[in-house]
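Residue strings, one per chain:
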Amino acid sequence: MKKSKMETSWYEKYHIAMKEWVTIQDIMKLTSTGQPSAMALREDAIEYCVMNEIDLPTKQVPAEVVLKLMDKDLDYFYRKMVRELEAVEMYNRAYGKGMDDSVSA
């Protein structure tokens, strides 16, 4: 149940979604997409912020806006994270993994 280095766990995605501001790299992890798709979503987020008069720092956009454009909310990432952690726990129990050699999410 180990993830590849490129795959982001739901635990990490949840913690990214809880941030106030996100970068292109954060968007790539949240959406499991490449840089072009993340940049397009960032551009949509910037447009949304301009239309709604939301001040932006350099190179970051509000995570709340990105989630809105993704049609997801924080609860979505939380539920996925909990399911992932439950699956890891079940896997570890099924294969007799101890605390020292457990599989992580």
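Residues numbered from 1 in each chain as written. Predicted model: local features only at pLDDT ≥ 70, side-chain atom pairs only at ≥ 80, totals over all residues. Heavy atoms only, no water.

1. Here's the deal with the overall build of the protein
Turning to step 1, where the next piece is worked out: Check the secondary structure of the protein and you find 5 helices and 2 strands.
Turning to step 2, where the next piece is worked out: Counting only residues that meet the buried cut, the protein has 29% of its 105 residues in that class.
Turning to step 3, where the next piece is worked out: Pairs at least 24 apart in sequence give 52% of the contacts found in the protein among residues at least 6 apart.
Turning to step 4, where the next piece is worked out: Per element, the accessible surface of the protein, about 7,400 Å² overall, is 51% carbon and sulfur. (Helix = DSSP H or I, 4+ residues; strand = E, 2+ residues; numbered from the N terminus. Buried < 20%, exposed > 50% of the residue type's maximum accessible area, 1.4 Å probe, protein only. Contact = heavy atoms within 4.5 Å. Areas by Shrake-Rupley, 256 points an atom, 1.4 Å probe, with all protein chains shown as cover.)

2. Here we look at unusual backbone geometry
Turning to step 1, where the next piece is worked out: With a phi close to 55°, Ser 32 is a non-glycine residue in the positive phi region.
Turning to step 2, where the next piece is worked out: The exposure class of Ser 32 is exposed, given its relative accessible area of 53%.
Turning to step 3, where the next piece is worked out: For Lys 59, which is not a glycine, the phi torsion comes out positive at approximately 65°.

3. Notes on the packing of helix H1 (residues 10–17) against helix H2 (residues 24–31)
Turning to step 1, where the next piece is worked out: Look at H1 against H2: their axes get within 9 Å of each other, and the N-to-C directions meet at 135°. When the axis of H1 is compared with that of H2, the two are oblique. The crossing of H1 and H2 is left-handed. The residues of H2 that touch H1, namely those facing Glu 12, Lys 13, Ile 16 and Ala 17, are Asp 26, Lys 29 and Leu 30.
Turning to step 2, where the next piece is worked out: Looking at side-chain class alone, the contact of H1 with H2 contains 3 nonpolar, no polar and 4 charged residues. (Axes fitted to C-alpha atoms, helices over the stretch in contact; angles between N-to-C directions. Parallel < 35°, antiparallel > 145°, perpendicular 65-115°, else oblique. Left-handed = near helix turned anticlockwise from the far one by under 90°. Nonpolar A, V, L, I, M, F, W, Y, C, P; charged D, E, K, R; others polar.)

4. Here's the deal with the packing of H2 against helix H4 (residues 63–70)
Turning to step 1, where the next piece is worked out: The N-to-C vectors of H2 and H4 enclose an angle of 35°; their axes lie 12 Å apart at closest approach. For the crossing formed where H2 meets H4, the hand is right-handed. Mapping the contact onto sequence places Ile 27, Leu 30 and Thr 31 in H2 and Val 66, Leu 67 and Met 70 in H4.
Turning to step 2, where the next piece is worked out: Taken together, the residues of the contact of H2 with H4 sort by class into 5 nonpolar, 1 polar and no charged.

5. Observations concerning the nonpolar core
Turning to step 1, where the next piece is worked out: If you look at the biggest cluster of nonpolar residues, it comprises 19 residues, and the most contacted ones within it are Val 22, Ile 27, Leu 30, Val 66 and Phe 77.
Turning to step 2, where the next piece is worked out: Sorting the residues of this core by element identifies H1, H2, helix H3 (35–51), H4 and helix H5 (74–94) as the ones contributing at least two each.
Turning to step 3, where the next piece is worked out: With sequence-adjacent residues up to four places away left out, Leu 30 is seen in contact with Lys 13, Ile 16, Ala 17, Val 66, Leu 67, Met 70 and Phe 77. (Core = buried A, V, L, I, M, F, W, Y, C linked by side-chain atoms within 4.5 Å.)

6. Overview of the environment of Ala 63
Turning to step 1, where the next piece is worked out: With respect to the helices, strands and loops of the structure, Ala 63 is situated in helix H4.
Turning to step 2, where the next piece is worked out: Note: C-alpha distance between Ala 63 and Ala 17 (46 residues apart in sequence) is 6.1 Å.
Turning to step 3, where the next piece is worked out: Setting aside anything within four residues of it in sequence, one finds Ala 63 in contact with Ile 16, Ala 17, Lys 19, Glu 20, Trp 21 and Val 22.

7. Points about H1
Helical periodicity: at 3.6 residues per turn, an α-helix aligns residues three or four positions apart in one direction.
Turning to step 1, where the next piece is worked out: Those residues of H1 lying buried are Lys 13, Tyr 14, Ile 16 and Ala 17. The buried residues of H1 occupy an angular sector of 160° when the element is viewed end-on, so they sit on one face.
Turning to step 2, where the next piece is worked out: Against the buried residues of H1 lie strand S1 (21–22), H2, H4 and H5. (Arc of directions from axis to C-beta.)

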